[in-house]
Each structure stands twice: as C-alpha cells, then as structure tokens.
Amino acid sequence: QVRLVESGGGLVQPGGSLTLSCAASGNLFALNAMAWYRQAPGKQRELVADATRHGNTNYLDAVKGRFTISRDDAKNTVYLQMNSLKAEDTAVYYCNAYLQDVERAPIGPYWGQGTQVTVSS
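Throughout what follows, the structure given in this document is the object of discussion. (Residues numbered from 1 in each chain as written. Predicted model: local features only at pLDDT ≥ 70, side-chain atom pairs only at ≥ 80, totals over all residues. Heavy atoms only, no water.)

## What about the pattern of salt bridges?
The test is simple: The salt bridge criterion pairs a side-chain nitrogen of Lys or Arg with a carboxyl oxygen of Asp or Glu, the two atoms within 4 Å. With a 1.4 Å probe rolled over the protein chains alone, any residue whose accessible area is under 20% of its type maximum counts as buried; one over 50% counts as exposed, and the rest are partly exposed. Counting from the N terminus, the helices are the DSSP runs of H or I reaching at least four residues and the strands are the DSSP runs of E reaching at least two.
In this structure the tally under the stated criterion is five salt bridges. A salt bridge links E46 to R38, with the shortest nitrogen-to-oxygen separation between them at 2.8 Å. On the accessibility criterion, E46 (31% relative accessible area) is partly exposed. Between R66 and D89 there is a salt bridge; the shortest N-O distance is 2.8 Å. Of this pair, R66 sits in the loop between β6 (57-59) and β7 (67-72) while D89 sits in the loop between β8 (77-82) and β9 (91-100); the two residues are 23 residues apart in sequence, bridging distant segments of the chain.

Set out below in structure tokens:
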C-alpha cells in the first residue's frame, strides 16, 4: 500500500512564497513521474507542474517563472516552490505520483489528500 502525504499549504499574502512537499511511503521502490495539480472552487482540476525521473519538467503557463517543481528521490519526496503568489493561485493543491513497486513494476497514479493554498491580503 502506498501513501502520499502533502504539507506546506496555508495562507499567504500576494507576492509571498510557499513550498509544498509530498512524501511517498509504503510498498514502493522508487518514484517515476511526479506532478502537482490544483483545483480552485468551481473550476476543473488542472496540471500545475510535473517532473519525470529524467529531470524533465513542464509547467502551466500561468505559473512559469514563479513556481519550481523539484524532487528528492532519496527521500521519495517532490516539492513545489511557489513564489510571487497571486490571488488566482488560491486552490487546493494535489500531489500526483506514478511509482515503482518493490519489484520495480510501474504503479499508479496515486493522489495526495490535498493541501489548501490561500493567497489573500
């Protein structure tokens, strides 16, 4: 069984920064592709950023230059550094993971429970 535990959300003023973390644990060998999604009230869930095992990253246009996704495979953890936050970044942020189990077979996707990010003065 695999769990994704997110942390780091909260309330921040416009222009501020937050770093989200997502740690995978359980019956896994390694991370494959990892991603962050977000869902604002009344809107569909959207892909914010993703990162492959090989270091390739991809970002939603609205966050390019402000957000950075990174991963620490030794800790089975992915991060989302968010700078210059805007009110429109307010949403629940979800971690998404494709993994390898202990036999190195691909498994997933898995989702975290979500963490609220609110950008407001």
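The discussion continues.
## So, the state of the cysteines
Keep this limit in mind: Disulfide assignment relies on a single distance test, namely cysteine sulfur atoms paired within 2.5 Å.
Across all of its chains, the model carries one disulfide by this definition. One disulfide in the model links C22 with C95; its S-S distance is 2.1 Å. Around the S-S axis, the bridge from C22 to C95 shows a dihedral of about -80 degrees and counts as left-handed. Linking C22 in strand β3 (residues 18-26) with C95 in strand β9, this pair joins segments that are 73 residues apart in sequence. In terms of burial, C22 and C95 fall into one category: buried.

## Focus on the side chain of T77
We count it as follows: Only heavy atoms matter for contacts: two residues are in contact if any of them lie within 4.5 Å across the pair.
The topology assignment puts T77 in strand β8. For T77, a relative accessible area of 8% puts it in the buried group. Among all residues touching T77, those that are not within four sequence positions of it are C22, A23, L31, S70, R71 and D72.

## Things to note about unusual backbone geometry
P109 follows G108 through a cis peptide bond whose omega is 10 degrees. When you line up the elements, P109 lands in strand β10 (residues 106-111). Despite not being glycine, R104 shows a phi value in the positive range, around 65 degrees. Mapped onto the elements, R104 comes out in the loop between β9 and β10.

## Description of the sheet that holds β8
Strands pair in a sheet through their backbones, by hydrogen bonds, and they do so in one of two ways: parallel or antiparallel. Note the threshold: For two strands to be treated as a pair, DSSP must find at least two bridges joining them. Geometry is summarised by axes, namely lines fitted to C-alpha atoms with helices restricted to the contacting stretch, and by angles between N-to-C directions that run from 0 to 180 degrees.
The four strands are arranged β1-β3-β8-β7 in an open sheet whose pairing can be described as antiparallel. Every interior strand has two partners, whereas the edge strands, β1 (2-7) and β7, have only one. Averaged over all pairs of adjacent strands, the angle between their axes in this sheet comes to 15 degrees, without regard to strand direction. Pairing geometry for β7 and β8, over six bridges, is antiparallel. Paired with T68 across the two strands is Q81, which belongs to β8.

## Re the pairing of β10
As paired strands, β9 and β10 are joined by four bridges and run antiparallel to one another. Counterpart to A97 in the pairing with β10 is Y110. The loop that links β9 with its antiparallel partner β10 comprises five residues; one of these, R104, has a positive phi angle of about 65 degrees.

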